[in-house]
Amino acid sequence: MAHEITVSDLALEIETGAWVLDVRENHEFEDGHVPTAHHIPLNQVPDNIHLIPKEEKIFVICAAGGRSMVAADFLLGHGYDAVSVSGGTGSWAASGRHLSFDESL
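Residues numbered from 1 in each chain as written. Predicted model: local features only at pLDDT ≥ 70, side-chain atom pairs only at ≥ 80, totals over all residues. Heavy atoms only, no water.

Asker: Would you take a moment to explain the overall build of the protein chain for this structure?
Answerer: Of regular secondary structure, the protein chain possesses four helices and five strands. Reading the protein chain from its N end, one meets helices and strands in the order β-α-β-α-β-β-α-β-α. By the compact-globule yardstick of 13 Å for 105 residues, the protein chain fits well, its C-alpha radius of gyration being 12 Å. Referenced to the eigenvectors of the C-alpha coordinate spread, the extents of the protein chain come out at roughly 35 × 25 × 25 Å. (Helix = DSSP H or I, 4+ residues; strand = E, 2+ residues; numbered from the N terminus. Rg over C-alpha atoms; globule rule 2.2 N^0.38 Å.)

Asker: What is the right way to look at the environment of I61 in this model?
Answerer: Examined against the element boundaries, I61 turns out to sit in strand β4 (residues 57-61). In the structure, I61 is positioned 16 residues away from V45 in sequence and 13 Å away in space, judged by C-alpha atoms. Excluding residues within four positions of it along the chain, I61 makes contact with L10, V20, L21, D22, V23, V34, S68, V85, G88 and T89. (Contact = heavy atoms within 4.5 Å.)

Structural data, given as structure tokens:
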């Protein structure tokens, strides 16, 4: 099972260039997401795994932490170094951190 980190930990990682994967649905992502996040909905991760860099640690986020854990576990099973963000984008926003409305990177 994938390790979990907090949104505070994620904020620190983003400062150093972390590769963030948001696995929420399109409409959720469009409603606001963690800055710098790459977007691949959970059900599309297997078909788009080639877009995720294997040489990077992947910080997976969703709305509350459930889908990100599924995705992180999937990535771990395919040889990636992946962690799930506990509390997800909801916790990020609740902590007063900035949400981005830019398109996916």
